[in-house]
Amino acid sequence: MTQRTIPALLLTLGLVALAGCASPTVITLNDGREIQAVDEPSFDEDSGFYEFEQLDGKRAKINKDQVRTVKEL
């Protein structure tokens, strides 16, 4: 194996492992809109907000009163 093959193989395996850990989620709001998240949102009981990462990488928060359902894809 060449010197470039091993790092490339390790990088590929790492990316596959990370992709396997994420479970995309759809958050349906009371008004019918749907928001896709990279992973399951975490709920902060102190603030009453769901926190999640959108598909574009931006972090977002939504008040629990606006959320109808949270489902894995």
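What this report covers is the structure whose coordinates are included nearby. (Residues numbered from 1 in each chain as written. Predicted model: local features only at pLDDT ≥ 70, side-chain atom pairs only at ≥ 80, totals over all residues. Heavy atoms only, no water.)

## Brief notes about the side chain of T28
Counting through the fold element by element, T28 comes out in strand β1 (residues 25–29). Look at T28 and you get buried, because its relative accessible area is 10%. Apart from the residues within four sequence positions on either side, T28 is in contact with R33, E34, Q66, V67, R68 and T69. (Helix = DSSP H or I, 4+ residues; strand = E, 2+ residues; numbered from the N terminus. Buried < 20%, exposed > 50% of the residue type's maximum accessible area, 1.4 Å probe, protein only. Contact = heavy atoms within 4.5 Å.)

## Thoughts on the pattern of salt bridges
In the structure shown here, the tally under the stated rule is two salt bridges. Note that D31 is salt-bridged to R33, the shortest N-O span being 2.9 Å. Relative accessible area serves as the criterion here: at 53%, D31 is assigned to the exposed category. Residue classification places R33 among the exposed residues on the basis of a relative accessible area of 51%. Residues K61 and E51 are paired through a salt bridge, measuring 3.8 Å at the closest nitrogen-oxygen approach. With K61 in strand β5 (residues 59–63) and E51 in strand β4 (residues 49–53), this pair connects stretches of sequence that are ten residues apart. (Salt bridge = Lys/Arg side-chain N within 4 Å of Asp/Glu carboxyl O.)

## Topic: the side chain of S23
Tracing the chain through its elements places S23 in the loop between α1 (5–21) and β1. Of note is the side chain of S23, whose polar atom sits 3.1 Å from the side chain of D39. Residues contacting S23, with those up to four places away along its chain left out, are V38, D39, E40 and E72. (Polar contact = N/O pair within 3.5 Å; in protein donor to acceptor, adjacent residues only side chain to side chain.)

## A short note on the environment of K71
Summarising the element assignment, K71 is placed in strand β6 (residues 67–72). Owing to a relative accessible area of 52%, K71 belongs among the exposed residues under this scheme. With 43 residues separating them in the primary sequence, K71 and T28 have C-alpha atoms 8.2 Å apart. Aside from chain neighbours lying at most four places away, what touches K71 is P24, T25 and V26.

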